[in-house]
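Letter by letter, the chains look like this.
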Amino acid sequence: SSFIATKLFDFQPRFFASPTYLAQHPPIIEPEQLLHHNCLLYGSTSHPQEHEFEHGRRLRLSGNFVSPNPEALVNAAVAGLGIILVGDVTIRKELDQGLLVPVLSDVRQPKSPAYAYYPKLEYNHTKTRLFIDFLKQKVVR
């Protein structure tokens with residue numbers, strides 16, 4: 001109750017990999033084949049992670065690289081170390097440059113909103129509002 005939440009955008013994570021990784025591994029046609037690939041996972045523990053996707057599909061993903069740092073995961077994916085589950089917004093630059101490409105484009109997690117939270121104060125948040133407007137503009141592009 002002491003913070004204000006402002007919605008920035010919706011994101012819908014899906015799978016991406018570098019063309020190099022895909023060229024060095026068998027083609028991925030079915031989601032279950034991901035279980036035999038190295039997935040780059042967001043988090044802090046190396047245990048397999050269960051993820052839910054649209055249409056009630058669940059996959060238990062594992063890999064040899066887990067990090068709470070999204071930038072490290074993106075760099076690892078670009079380097080060809082595995083498949084990343086991430087929203088398009090996070091890797092827009094890498095997609096535009098062809099460094100990452102979609103894998104199983106129709107397998108997506110449900111849409112989730114991303115919010116900015118800032119303290120509820122008794123004065124106008126001009127700088128905060130301008131910063132949030134800037135973020136929204138950059139994401140919508």
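One can find the structure itself at the top, above this paragraph.
Reading guide: rules and limits
- Residues numbered from 1 in each chain as written.
- Predicted model: local features only at pLDDT ≥ 70, side-chain atom pairs only at ≥ 80, totals over all residues.
- Heavy atoms only, no water.
- Phe/Tyr/Trp six-rings, centres within 6.5 Å; stacked < 30°, edge-to-face > 60°.
- Buried < 20%, exposed > 50% of the residue type's maximum accessible area, 1.4 Å probe, protein only.
- 1 Å grid on protein atoms, 1.4 Å probe; cavity = no way out; pocket = protein on both sides within 12 Å on 5 of 7 lines; lining within 4 Å.
- Points joined across faces, edges and corners; volume = space filled by probe spheres on them.
- Helix = DSSP H or I, 4+ residues; strand = E, 2+ residues; numbered from the N terminus.
- Nonpolar A, V, L, I, M, F, W, Y, C, P; charged D, E, K, R; others polar.
- Pairing = 2+ DSSP bridges.
- Axes fitted to C-alpha atoms, helices over the stretch in contact; angles between N-to-C directions.
- Contact = heavy atoms within 4.5 Å.
- Core = buried A, V, L, I, M, F, W, Y, C linked by side-chain atoms within 4.5 Å.
- Salt bridge = Lys/Arg side-chain N within 4 Å of Asp/Glu carboxyl O.

K.L.:
Describe the packing of aromatic side chains, listing the residues and the values that go with them.
P.N.:
Enumeration according to the criterion identifies 3 aromatic pairs in this entry. With centroids separated by 6.4 Å and ring planes inclined at 65°, the aromatic side chains of Phe 9 and Phe 11 adopt a geometry described as edge-to-face. Looking at Phe 11, the relative accessible area reads 28%, which means it is partly exposed. Note on Tyr 115 and Tyr 117: the rings are 6.1 Å apart at their centroids and 45° apart in plane angle, and the pair reads as tilted. Note on Tyr 117: relative accessible area 58%, which makes it exposed.

K.L.:
Can you break down the layout of surface pockets residue by residue, with the values?
P.N.:
Here the largest pocket is characterised by a volume of approximately 420 Å³. Elements supplying a minimum of two residues to the lining of the largest pocket: β1 (3-11), β3 (39-42), β4 (49-52), α2 (70-78) and β7 (83-86). Here the lining of the largest pocket is built from residues that sort into 14 nonpolar, 5 polar and no charged.

K.L.:
How would you explain unusual backbone geometry if you had to name every residue and give the values?
P.N.:
Positive phi, close to 50°, is recorded for Leu 104, a residue that is not glycine. Take Leu 104: it is sitting in strand β8 (residues 101-108). Relative accessible area serves as the criterion here: at 12%, Leu 104 is assigned to the buried category.

K.L.:
Outline the sheet that holds β7, supporting the account with residue identities and numerical values.
P.N.:
The sheet built from 5 strands is open, its strands ordered β6-β3-β7-β2-β8 with mixed pairing. Because the sheet does not close on itself, it has two edges, and the strands there are β6 (65-67) and β8. Taken pair by pair, the neighbouring strands of this sheet meet at an average axis angle of 25°, ignoring direction. Two elements, strand β2 (residues 14-17) and β7, share 3 bridges in a ladder whose sense is antiparallel. Bridging across to β7, Phe 16 finds its partner in Ile 84. Packing against the sheet, α2 makes contact with β3, β6 and β7, and its axis sits at approximately 175° to β3.

K.L.:
Quick rundown of the nonpolar core? Include the residues and the values.
P.N.:
Of all hydrophobic cores here, the largest spans 15 residues; its most connected members are Phe 15, Leu 34, Leu 61 and Ile 83. Contributions of two or more residues to this core are made by β2, β3, β5 (58-61), β7 and β8. Ranked by the residues each element gives to this core, the list is headed by β8, at 3 residues. Leu 40, Leu 73, Ala 77 and Val 86 belong to the second largest nonpolar core, which has 10 residues in total.

K.L.:
How would you sum up the pattern of salt bridges? Please name residues and give values.
P.N.:
In the structure shown here, the tally under the stated rule is 7 salt bridges. Close ionic contact of Arg 14 with Asp 88 constitutes a salt bridge, the shortest N to O distance being 3.1 Å. Taken together, the positions of Arg 14 in strand β2 and Asp 88 in the loop between β7 and α3 (92-96) put the pair 74 residues apart, joining distant regions of the chain. Between Arg 58 and Glu 52 there is a salt bridge; the shortest N-O distance is 2.7 Å. One network of salt bridges, with partners in common, ties together Glu 50, Glu 52, Arg 58 and Arg 60.

K.L.:
Tell me what's going on with the environment of Cys 39, and back it up with residues and numbers.
P.N.:
Residue position: Cys 39 is located in strand β3. For the pair formed by Cys 39 and Ile 84, sequence separation is 45 residues and the distance between their alpha carbons is 5.9 Å.

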